[in-house]
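Now for the letters of each chain:
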Amino acid sequence: MIKKLQNNDAEVSKKIHSVFQVSYAVEAKLLNATDFPPLKRSIANFVESRTAFYGYFVAEKLAGVIEIEHNASFTSINSLVVAPNFFRRGIGSQLIKFVFNTYNSEQFVVETGLENGPATKLYKSFGFKEVKQWDTDFGIRKIKFERNNTKEAQNNG
């Protein structure tokens, strides 16, 4: 089940933070990153964030979170995390489908580390196309994907 998370509630943000920590620890290993900014994100940052958070629950346990920034021209998937205990259960796919069904946008965008094979494969399976690669100040090669909301792209999602 997917529910909107009230991140301005400190207890809810603690749960979001917990899923981010365990998920991003796995991504940091995939990227061979020793200095990984997502792992430094504080609970206060979640509480104060103006982005929308949705959680995927399995037996009332928060298993995955997607963070969305939406405006008139596009919807950005700022974060998509799944707790390692729930990997390979289709939770990431369900969260992406939820966003496509919830947000009416001409364009969807998402970024990840280039060496994050599982994320890249997931985004490509939903019709996202690579538009840019660059190196961060933290020594991580990133990749940006976009998906235009056309009939062709909708058929993939």
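Residues numbered from 1 in each chain as written. Predicted model: local features only at pLDDT ≥ 70, side-chain atom pairs only at ≥ 80, totals over all residues. Heavy atoms only, no water.

**Student:** Provide a residue-level description of the side chain of Ser105, including the pertinent values.
**Tutor:** Mapping Ser105 onto the fold places it in the loop between helix 3 (91-102) and strand 5 (107-113). Assessed through its relative accessible area of 4%, Ser105 is described here as buried. Only 3.4 Å separates the side chain of Ser105 from the side chain of His70, close enough to count as a polar contact. Setting aside anything within four residues of it in sequence, one finds Ser105 in contact with His70, Phe74, Thr75 and Asn149. (Helix = DSSP H or I, 4+ residues; strand = E, 2+ residues; numbered from the N terminus. Buried < 20%, exposed > 50% of the residue type's maximum accessible area, 1.4 Å probe, protein only. Polar contact = N/O pair within 3.5 Å; in protein donor to acceptor, adjacent residues only side chain to side chain. Contact = heavy atoms within 4.5 Å.)

**Student:** Break down helix 4 (residues 117-125) for me, citing the residues and quoting the values.
**Tutor:** Among all positions of helix 4, only Ala119, Thr120, Leu122 and Tyr123 are buried. Looking straight down helix 4, one finds its buried side chains confined to an arc of 160°; they lie on one side. Of the surrounding elements, those touching the buried residues of helix 4 are strand 4 (75-82), helix 3, strand 5 and strand 7 (141-148). Sitting at the head of helix 4, Asn116 places a side-chain oxygen 3.2 Å from the backbone nitrogen of Ala119. Where helix 4 terminates, the next one or two residues include Gly127, which has phi positive at roughly 85°. (Arc of directions from axis to C-beta.)

**Student:** Go over unusual backbone geometry with me, naming the residues and quoting the values.
**Tutor:** Phi at Ala59 is positive, roughly 50°, even though this residue is not glycine. Mapped onto the elements of the fold, Ala59 is located in the loop between strand 2 (52-58) and strand 3 (61-70). Under the relative-accessibility criterion, Ala59 is labelled exposed at 76%. Residues other than glycine seldom take positive phi values, yet Glu60 does so here, at roughly 65°. Note on placement: Glu60 falls in the loop between strand 2 and strand 3.

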